[in-house]
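Report on the structure
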Amino acid sequence: MKDVKELELLRLLAMDSRLSTQTLATLVGTSQEEVEQAVRELEQKHVILRYSTVIDWEKVATPRVTAVIEVKVIPQREVGFDAIAERIYRFPEVRSVFLMSGGNDLQVTVEGSDLQAISRFVSEKLATIENVHSTTTHFMLKKYKEAGVIFDDHEDDRRLVVAP
Amino acid sequence: MTIGARSHRLSPVVDAIPPSGIRRFFDLANQMENVISLGVGEPDFVTPWHIREASLYALERGFTTYTSNRGLPELCEAITAYLEDFELHYDPAEEVLVTVGGSEAIDLALRALVCPGDEVLIPGPTYVSYRPCALLAGATVVDVPTYPEDNFRLTAEALEACVTSASKVLVLCYPNNPTGAIMTSDDLAAIAEVAIAHDLFVISDEIYAELTYGSQHASIAALPGMKERTIVVSGLSKAFAMTGWRIGYAAGPEDVISAMLKVHQYTSLCAPSMGQMAALEALTHGKEEKDRMVASYDRRRRLIVDGFNQMGLTCHSPQGAFYAFPDIRNTGMSSQDFCEALLRETQVAVVPGDVFGATGEGFIRCSYATSVQQIEAALERIAKFVDRLW
């Protein structure tokens, strides 16, 4: 599959991974077999990592608390930030880890059932890792937009049913 | 004192204009629930945020007054700069006019050019406004047929056959609503030859110019000898998803634009100022969002064309706009009957082709400016409906 079509395929899947291979094939202008093969290859190459769903957890009665934690670390010889990042991202409560430019080094997103759970994680697990210099924890208050999706978007289709 | 029949109050010219064929379908569809509409002639995108935000900023700064009749000078300049991409060269100070949507520009152009006794040539099927505007301007309308076998392109022969000594104006709409037909530069050259030979003036509605797939839009005004006899009409509605803002424009020779400006200043004064500020943002910074929207129409175009062909309704791949125009003649039904039954039985709204002109009979206009999910659901319902007919 041509690179342009492959990119288009990925963009479409990133927006809606439930589109059928038949529909995807038509949308990018290729055959179903070609889409199936491309997707298989992209999965094998770990370009496509997972098919997930964007959920507004606030609408279901599961208490969840999210915190963004800025972490300053002392990079280690030879492995730089990677080894410390790995020690952090292996924890299941950690949802994302980014190496950032600016005043802090790592930005870590953590999810827990309540404030205490996150506090415990930070004080007992994160802050105690060797070479973690300092942490600043920000609790998330409200989610407006995630993964390009606006929560509670009020821009419905306001067009007339039939128009010239 | 007796009061005469209501119609006696009305101007006979207005009274003679039949009600819109689209209006009837709108009323019908509007009463029903769970309608999936492929009948909408406008983008399904909300205006890109950066454009809306620019307009909010303009309001905050107090851009709420009249602008000059012609339009904001910066906008006129942005329009001429933008038209350069289509090989069109105009002077922003004299050859451009900002209007209340492309619709006003069409009306102004016809009023500036024709009077009773003149004939306006309108190739059809086409957008529904040209005929009433020509009639309101006092002209006689001559229908020029375009045919499915030519993919609804206008041919020089068909045009030539309709030209008389009274012919004055030719109205072109390519990319075409409802057929999705485009005219290549070569196609247009043949038309230009006829226009020059018979001294016709051309009003070229190029509102869908940005929505072409696999080729760049060609304007008849860019051909040799045509700029001085063409008014290019366009607007922001389709390319930038700005239908409700009502910002269009006309570009053409100074004398005609000045005449249009004269009518415009007495009837509209100016286009809305906050809309003009939004248009300025769209034309100067809107390319990325516009390209994203066009790419999205292109994907959905393939989806809808495939769907119709698979269910046995021949559908040529439209090269422009956002309409598919499938052929329903093999169902044995008229366009009107087909659309009405489809709507009543399956709650899918499409527009019968004949409302756009006689040669649109046997076709239906289906807009693919709607979500992939809605298009797929509509296609499924239409396929079941068509299956029952055979």
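Residues numbered from 1 in each chain as written. Chains lettered and ligands numbered in written order. Predicted model: local features only at pLDDT ≥ 70, side-chain atom pairs only at ≥ 80, totals over all residues.

Remarks on the overall build of chain B
Within chain B one finds 13 helices and 12 strands. For chain B, the C-alpha radius of gyration of 21 Å lies close to 21 Å, the compact-globule estimate for 390 residues. Summarising its shape, the C-alpha atoms of chain B cover approximately 60 × 60 × 50 Å along the three principal directions. Evaluated residue by residue, chain B yields a buried proportion of 51% over its 390 residues. Once local pairs closer than 6 in sequence are excluded, the contacts in chain B between residues at least 24 apart make up 76%. (Helix = DSSP H or I, 4+ residues; strand = E, 2+ residues; numbered from the N terminus. Rg over C-alpha atoms; globule rule 2.2 N^0.38 Å. Buried ≥ 20, exposed ≤ 12 C-beta atoms within 10 Å, placed from the backbone. Contact = placed C-beta atoms within 7 Å.)

Overview of the domain arrangement of chain B
Residue and element names in this part refer to chain B. Along its sequence, chain B is carved into domain 1 (9-46 + 288-389) and domain 2 (49-286). Centre-to-centre, using C-alpha coordinates, domain 1 lies 24 Å away from domain 2. Contacts between domain 1 and domain 2 engage 35 residues on the former and 35 residues on the latter. Listed by contribution, the elements that provide at least two residues to the side of domain 1 that touches domain 2 are helix 11 (287-310) and strand 9 (323-324). Broken down by class, the residue content of the side of domain 1 that touches domain 2 amounts to 19 nonpolar, nine polar and seven charged. (Domains from an automatic or database assignment. Nonpolar A, V, L, I, M, F, W, Y, C, P; charged D, E, K, R; others polar.)

Side note on the interface of chain A and chain B
The interface is formed by 13 residues belonging to chain A together with 23 residues belonging to chain B. Residues that form the side of chain A that touches chain B fall into these classes: seven nonpolar, three polar and three charged.

Notes on the domain arrangement of chain A
With domains assigned, chain A is organised as domain 1 (3-44) and domain 2 (57-142). The centre of domain 1 of chain A, based on its C-alpha atoms, is set 34 Å off from the matching centre of domain 2 of chain A.

Regarding the pairing of strand 2 (residues 96-99) of chain B
All names here are of chain B. Here strand 2 shows a buried face lined by Val96 and Val98 and a second buried face lined by Leu97 and Thr99. Pairing of strand 2 with strand 8 (residues 248-251) involves four bridges; the strand directions are antiparallel. Opposite Leu97, over in strand 8, you have Ala250 as the bridge partner. (Pairing = 2+ DSSP bridges.)

Digging into the sheet that holds strand 8 of chain B
All names here are of chain B. The sheet built from seven strands is open, its strands ordered 2-8-7-6-5-3-4 with mixed pairing. Unpaired on one side and paired on the other, strand 2 and strand 4 (140-145) mark the two borders of the sheet. Across the sheet, the mean angle from the axis of one strand to that of its neighbour is 20 degrees, orientation sign disregarded. Relative to strand 7 (residues 230-235), strand 6 (residues 201-205) runs parallel, the two sharing four bridges. The partner of Ser204 across the bridge, within strand 7, is Val232. Against the sheet, helix 5 (residues 101-113) engages strand 2, strand 3 (119-124), strand 5 (167-173), strand 6, strand 7 and strand 8, with an angle of about 35 degrees to strand 8. (Axes fitted to C-alpha atoms, helices over the stretch in contact; angles between N-to-C directions.)

A short note on the environment of A:Ile150
Residue and element names in this part refer to chain A. Along the chain, Ile150 falls in strand 6 (residues 149-150). Overall, the presence of 10 C-beta atoms within 10 Å leaves Ile150 in the exposed class. For the pair Ile150 and Arg90, spaced 60 residues apart in sequence, the C-alpha separation works out to 29 Å. Apart from the residues lying within four places of it in its own chain, the contact partners of Ile150 are Tyr144 and Lys145.

Re the pairing of strand 1 (residues 65-73) of chain A
In this structure, strand 1 of chain A lies alongside strand 3 (residues 106-112) of chain A, joined through seven bridges in antiparallel fashion. In the sheet register, A:Thr66 faces strand 3 of chain A, and the bridge partner there is A:Glu111.

Examining the sheet that holds strand 3 of chain A
Residue and element names in this part refer to chain A. Taken in spatial order, the four strands make up an open sheet running 2-3-1-4, and their pairing is antiparallel. With one partner strand each, in any of the chains shown, strand 2 (94-99) and strand 4 (132-139) form the two edges of the open sheet. Direction aside, neighbouring strands of the sheet carry axes that sit 20 degrees apart on average. Strands strand 1, strand 2, strand 3 and strand 4 of the sheet are contacted by helix 4 (residues 82-89), whose axis makes an angle of about 165 degrees with strand 2.

What to know about the nonpolar core
If you look at the biggest cluster of nonpolar residues, it comprises 125 residues, and the most contacted ones within it are B:Ala109, B:Leu110, B:Val169 and B:Ala250. Element by element, the count of residues in this core is highest for helix 5 of chain B, at seven residues. Excluding its chain neighbours within four sequence positions, the residues that come into contact with B:Leu110 are B:Val120, B:Cys133, B:Ala134, B:Ala137, B:Val169 and B:Ile203. Counting residues in each nonpolar core, the second largest holds 14 residues, with A:Val71, A:Ile84, A:Ala85 and A:Val108 among its members. (Core = buried A, V, L, I, M, F, W, Y, C linked by C-beta atoms within 7 Å.)

A word on helix 2 (residues 21-30) of chain B
All names here are of chain B. By the burial criterion, the buried members of helix 2 are Ile22, Phe25 and Ala29. Axial view of helix 2: buried residues confined to an arc of 60 degrees, hence all on one face. Exposed residues pointing more than 90 degrees away from the buried face of helix 2 are listed as Asp27 and Asn30. Where the residues of helix 2 are buried, they touch strand 1 (36-37), helix 12 (335-346), strand 10 (348-349) and strand 11 (351-352). (Arc of directions from axis to C-beta.)

Comments concerning helix 12 of chain B
Residues and elements named next belong to chain B. Between its terminal C-alpha atoms helix 12 stretches 16 Å, which fits the 16 Å expected from 12 residues at 1.5 Å a residue. Contact partners of the buried residues in helix 12: helix 2, strand 10, strand 11, strand 12 (364-367) and helix 13 (372-389). One or two steps after helix 12, the chain reaches Gln347, where phi turns positive at roughly 60 degrees. (Expected span 1.5 Å × (residues − 1).)

Quick word on the environment of B:Ile36
All names here are of chain B. Mapped onto the fold, Ile36 is located in strand 1. Accessibility expressed as a C-beta count within 10 Å gives 24 for Ile36, which makes it buried. Spatially, the C-alpha atom of Ile36 lies 6.3 Å from that of Ala349, the residues being 313 residues apart in sequence. The residues contacting Ile36, other than those within four sequence positions of it, are Gln347, Val348, Gln374, Ala377 and Ala378.

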